[in-house]
Structure formats: C-alpha cells, structure tokens
Amino acid sequence: ATMTSEVSNKEIDEAVEAVDKMSVGTAASTDDGKKDPKTVKDMLSAMNKHSDGTNVMKESIKTFSNPFGSDKKDDIFVATKAEGIAMMKEMMAADREKRKEDSKKYKRWDFRASPHEQFGMTLDDTYAAFIQWAIKEDDDNESSDVEVAFNVSKAYRRIESYADWMDENAEEILATPLTPDSIKDAWAAWGMKSSYDKHGHFVWWLDFKQLDRDAIKNKVPLTDSFRYMVWYAHFVMYNENAQNNGMVFIEAVAHVGFIESMTLVPMKLGVKLDRLTIGILPIKMKALYILETPTWMSMMSKLMSLFMSKKMKERMHVLDEFTEIEEVAGKECIPTPFGKLEGTMAVDLVEAKYYS
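Residues numbered from 1 in each chain as written. Predicted model: local features only at pLDDT ≥ 70, side-chain atom pairs only at ≥ 80, totals over all residues. Heavy atoms only, no water.

Novice: Mind showing me how you'd approach the nonpolar core here?
Specialist: Nonpolar side chains in soluble globular proteins tend to end up buried together. The biggest cluster of nonpolar side chains holds 99 residues, and the ones touching the most others in it are Met88, Ile159, Trp190, Tyr228 and Tyr232. Per-element accounting of this core gives the leading share, ten residues, to helix α11 (residues 222-237). Formed by 16 residues, the second largest nonpolar core is a distinct cluster that contains Ala287, Ile325, Ile334 and Leu341. (Core = buried A, V, L, I, M, F, W, Y, C linked by side-chain atoms within 4.5 Å. Buried < 20%, exposed > 50% of the residue type's maximum accessible area, 1.4 Å probe, protein only. Helix = DSSP H or I, 4+ residues; strand = E, 2+ residues; numbered from the N terminus.)

Novice: Would you take a moment to explain the packing of helix α7 (residues 152-168) against helix α14 (residues 267-280) for this structure?
Specialist: Packed helix pairs are specified by the crossing angle of their axes together with the interaxial distance, meaning the distance between the axes. Put simply, α7 and α14 touch, their axes get as near as 11 Å, and they point 155° apart. The angle between α7 and α14 places the two elements in the roughly antiparallel class. Two packed elements cross with a definite hand, and for α7 against α14 that hand is left-handed. Between α7, through Arg158, Ser161, Tyr162 and Trp165, and α14, the contact on the second element is made entirely by Lys272, Arg275, Leu276, Ile278, Gly279 and Ile280. When its residues are assigned to classes, the contact of α7 with α14 shows five nonpolar, two polar and three charged. (Axes fitted to C-alpha atoms, helices over the stretch in contact; angles between N-to-C directions. Parallel < 35°, antiparallel > 145°, perpendicular 65-115°, else oblique. Left-handed = near helix turned anticlockwise from the far one by under 90°. Contact = heavy atoms within 4.5 Å. Nonpolar A, V, L, I, M, F, W, Y, C, P; charged D, E, K, R; others polar.)

Novice: Can you help me understand unusual backbone geometry in this one?
Specialist: Negative phi is the rule for most residues except glycine; trans is the rule for most peptide bonds. The omega angle of the peptide bond from Thr336 to Pro337 is -20°, so this bond is cis rather than trans. Phi at Ala254 is positive, roughly 50°, even though this residue is not glycine. For Ala254, the position within the fold is in the loop between β5 (247-252) and α13 (258-263).

Novice: What is the right way to read the side chain of Asp348 from this model?
Specialist: Note on placement: Asp348 falls in the loop between α17 (323-329) and α18 (349-354). No salt bridge is formed by the buried Asp348; the nearest opposite charge belongs to Lys193, separated by 5.6 Å. Of the polar contacts made by the side chain of Asp348, one reaches the backbone nitrogen of Glu351; its length is 2.9 Å. (Lys, Arg positive; Asp, Glu negative; His and termini not counted. Salt bridge = Lys/Arg side-chain N within 4 Å of Asp/Glu carboxyl O. Polar contact = N/O pair within 3.5 Å; in protein donor to acceptor, adjacent residues only side chain to side chain.)

Novice: Teacher, can you tell me more about the packing of aromatic side chains here?
Specialist: How two aromatic rings sit relative to each other is given by the distance of their centres and the angle of their planes. As enumerated under the stated definition, the model contains 21 aromatic pairs in all. Taking the centre distance of 6.4 Å and the plane angle of 70° together, the rings of Tyr196 and Phe202 count as edge-to-face. For Phe202, a relative accessible area of 0% corresponds to the buried category. Measuring from ring centre to ring centre gives 5.1 Å for Trp231 and Tyr354, while their planes differ by 75°; the resulting arrangement is edge-to-face. Taken together, the residues Trp231 in helix α11 and Tyr354 in helix α18 connect sequence positions 123 residues apart. Residue classification places Trp231 among the buried residues on the basis of a relative accessible area of 1%. Sitting over the ring of Phe226, Lys272 keeps its end group 5.0 Å from the ring centre. Here the basic side chain of Lys284 rests over the ring of Trp133, its NZ or CZ set 5.8 Å away from the ring centre. (Phe/Tyr/Trp six-rings, centres within 6.5 Å; stacked < 30°, edge-to-face > 60°. Lys NZ or Arg CZ within 6 Å of the ring centre and 35° of its normal.)

Novice: Explain empty space enclosed by the protein here, please?
Specialist: Over the atoms rolls a probe the size of a water molecule, and its path tells where empty space is left. Under the criterion given, the structure shown has two cavities of 30 Å³ or more. The space that makes up the largest cavity amounts to roughly 1,100 Å³. Lining the largest cavity are 36 residues, and of these Phe64, Glu251, Ser261, Gly270 and Asp274 sit closest to its centre. Within the residue set of the lining of the largest cavity, elements represented by two or more residues are α3 (56-64), β4 (202-207), β5, α13, α14, β6 (285-291) and α15 (295-305). Ranked by residue count, the leading element in the lining of the largest cavity is α14, at seven residues. Looking at the lining of the largest cavity, its residues break down into 29 nonpolar, five polar and two charged. (1 Å grid on protein atoms, 1.4 Å probe; cavity = no way out; pocket = protein on both sides within 12 Å on 5 of 7 lines; lining within 4 Å. Points joined across faces, edges and corners; volume = space filled by probe spheres on them.)

Novice: Can you help me understand α11 in this one?
Specialist: What sets the pattern is the α-helix's 3.6 residues per turn: residues three or four places apart point alike. A rise of 1.5 Å per residue sets the reference length of α11, with its 16 residues, at 22 Å; its end C-alpha atoms lie 23 Å apart and thus fit the reference within 8%. In terms of residue burial, α11 counts as a mostly covered element, since 13 of its 16 residues are buried. (Expected span 1.5 Å × (residues − 1).)

Novice: Please clarify how the environment of Leu211 should be interpreted in this entry.
Specialist: Note that Leu211 resides in the loop between β4 and α10 (213-219). C-alpha separation for the pair Leu211 and Ala189, spaced 22 residues apart in sequence, amounts to 6.0 Å.

Novice: Explanation requested: the sheet that holds β4 in the structure shown.
Specialist: For sheets, the rule is that strands pair by backbone hydrogen bonds, running either parallel or antiparallel. Strand order in the open sheet formed by five strands is β3-β4-β5-β6-β7, and the pairing between neighbours is mixed. Looking along the sheet, the strands with just one partner apiece sit at the ends: β3 (193-196) and β7 (316-319). Within this sheet the neighbouring strands show an average axis-to-axis angle of 20°, counted without direction. (Pairing = 2+ DSSP bridges.)

Novice: Looking at this model, I keep getting lost on α3. Mind explaining?
Specialist: Within α3, burial applies to Val56, Met57, Ser60, Ile61, Thr63 and Phe64. The buried side chains of α3 occupy one side of the element, clustering within an arc of 165° when seen end-on. Close packing links the buried residues of α3 with α1 (9-23), α2 (40-49), α14, α15 and α16 (310-315). (Arc of directions from axis to C-beta.)

Novice: Would you mind showing me how to read the pairing of β6 here?
Specialist: Regular strands place side chains that alternate from one sheet face to the opposite one. The buried fraction of β6 amounts to six of the seven residues, a majority that puts the element mostly inside the structure. The pairing of β6 with β7 spans four bridges and is parallel. Its bridge partner being in β7, Tyr289 is matched across the sheet by His317.

Novice: Sorry if this is basic, but what is going on with the pattern of salt bridges here?
Specialist: Pairs may arise between side chains of opposite charge once their charged atoms sit close together. With the rule as written, the count across this model stands at 18 salt bridges. The residue Lys89 makes a salt bridge to Asp124 at a minimum N-O spacing of 2.9 Å. Of the two residues, Lys89 sits in helix α4 (residues 81-97) while Asp124 sits in helix α6 (residues 123-133), which places them 35 residues apart along the sequence. Residue Lys89 is classed as partly exposed on the basis of its relative accessible area of 36%. Asp124 gets classed as partly exposed once you look at its relative accessible area, which sits at 34%. Taking the shortest distance from any N to any O, the salt bridge between Asp214 and Lys219 comes out at 2.5 Å. The class of Lys219 is exposed, set by a relative accessible area of 58%. Here the salt bridges share partners, and the residues they tie into one network are Asp95, Lys98, Arg99, Lys105, Arg108, Glu160 and Asp164.

Interpretation in functional terms is not warranted from these geometric data alone.
If you want it as structure tokens, here you go:
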C-alpha cells in the first residue's frame, strides 16, 4: 500500500479480505470469550456499530501509518533551534494573514487551551519541542547542507495539527484548570507509569492488569480520563529525555477480549487520543512493545501493518516473554509490578513529581 494521507474504504476492504484469508484456522483458537468476533471483517463491523459515526479503521490508519511525518521537496532546514522557533513563528503569523480574524484557523494560533503554564513552561517551550522533533535523523535519508538540521516546515505541519486538535477540544480542556489535582482520580484509575530506560528513552508503561476498569467505566467521568491523557501528553512533551531521546511504549494487554477493549472508553474518544499521543505529540516514537497479545489484536495488527511505513513497522514488536523487556529497557526502570514481572521501580516520574 502507498503512504497517502487518505486511505480509501475499498483499500481497507481489500486488506481485510487478505488478512482474513491468511488467518483462517488461527481464529478458531481464540480464548478471548465466546462473543468476540473471529474475523477482522466482523471486528470492523462491530467497531463501526459502537463508534458514534467515526470511521475507526480509517482514522487509526491515518494515525499509525506514518507518525514520523514526511520530508517534502521544498522543506526549509535550519541549523539551530532558536532559528527554527523564530521561523516557525513567522510561518504562523503568515498563516494568520490569510485568515479571517473570527475563523477557527485564525484563532487556533492563540493556543488558548495550552496547559504550558501548569508545567512551568512558555509557548516558546512548546515551539521548541516541535522543532526538536523535526531534527534530521540518520535514517531519514534526505540530504541537507546544514550540519545539525531541523526541518522547520515539517515542525510547522505538526504544530498546525496540534493547534487544530487543541482548539477543537478546548472546551473540555479549559472546563477547569488542567492541574495535577484535577486529574488525580483518572491517573489512579489508569495506572500508567513512566520512567527512563537504560538508553535514556522516556518509557510509557501501560499494564491492563493495573487498570481499574470499573473506575474507568463507571466512576471516573469520561471528561476526566480525557483531560488526564491531555495532561499526560504534555508532561511527556515537556520532558527533556522524551524530546532528546524519544519515547518507547510498553504495553501488557493481558489477553484482553475484543469487546472489552472496545468498550473501555468510547471508540471515538480512543481514536481522538491515539491521534494526539501518536500522530500529533512532537515526540519521536522509538519503539512499541506489546505483550500478552490476544488473537484478535494480532489480526488487527496484521491489517494495520499493510498500511504502515517501513519505519513504523520496524519499530513495532510483539514480545512473547516478559523477560525480554529487561533486555530492551533494563531492569531498573520496570514498574512494580508490571505484568508478570516484579519490577524494581516503586514510584514513577509522575508520582514522584506530583503525588508524593
């Protein structure tokens, strides 16, 4: 499949058919509960029923196919971050010139929903994160004459989607100030942890055994879960290790059933949060490790991989054994507990800074 920004429904249908043909026979051996669909085709129709009009697969492909952004022919490179920030501000101002003052596209550049102050940051720090994200990497294979090169045009495209996203969701984000206190219940319910691995990457840990599903579904208001994820995304965005070394996701999904996974939070919300954390956040995703993968998820991953860039495919790993995490991340940074591991890290970065 080609890396276009929009995938057609026909392309998705053809891919679904291909994956289902490959998976015949394996699907029967699922132990994810009787009611789970056995084919990708059935999964997609179940998803569409629960999705509130969002085309979940299309949106997910858009997010996951190439979260690294692309370099385009006329992109502008600069040598320093300061030059990058100055130039990006000029690009934003130039964009405003073209807009009506009461239009969304004009107002998005006010960043009215940005929680930077909660983190002791400025908007310039936000811009810096986007410029840093657009630094030329060894595997980007485009040539540039500048020594350390930041692709300002690429950073601008990314911050433009960030500005749109934040503005679209401003009412919820601004309902009350986005303080650590305001999202503490959601933080406790989701049980996500963060640490630095042995390579200095920021690691984002999610363990389905640590999720308080009852709280997420019945006690913590959805808006609070949403606000927590927005808060957490900014916590990552302003983190130096995350900016400079990138981020690693490690998820233990405890063979979660399809229906259960789909109904934990409304799918429309899930898609929106994936878009922020993977498609918009200016942090390089270095790797995604998944453990205890149920059959349905493997089938979905096969489907997604047909639309993924080579770079994204190379960074996604399904691990069979928990001990493999110790090899890729090091023992010291593993939360206590994580899946089948005892772990050694009792207090993670967020708790240490805000809740202890």
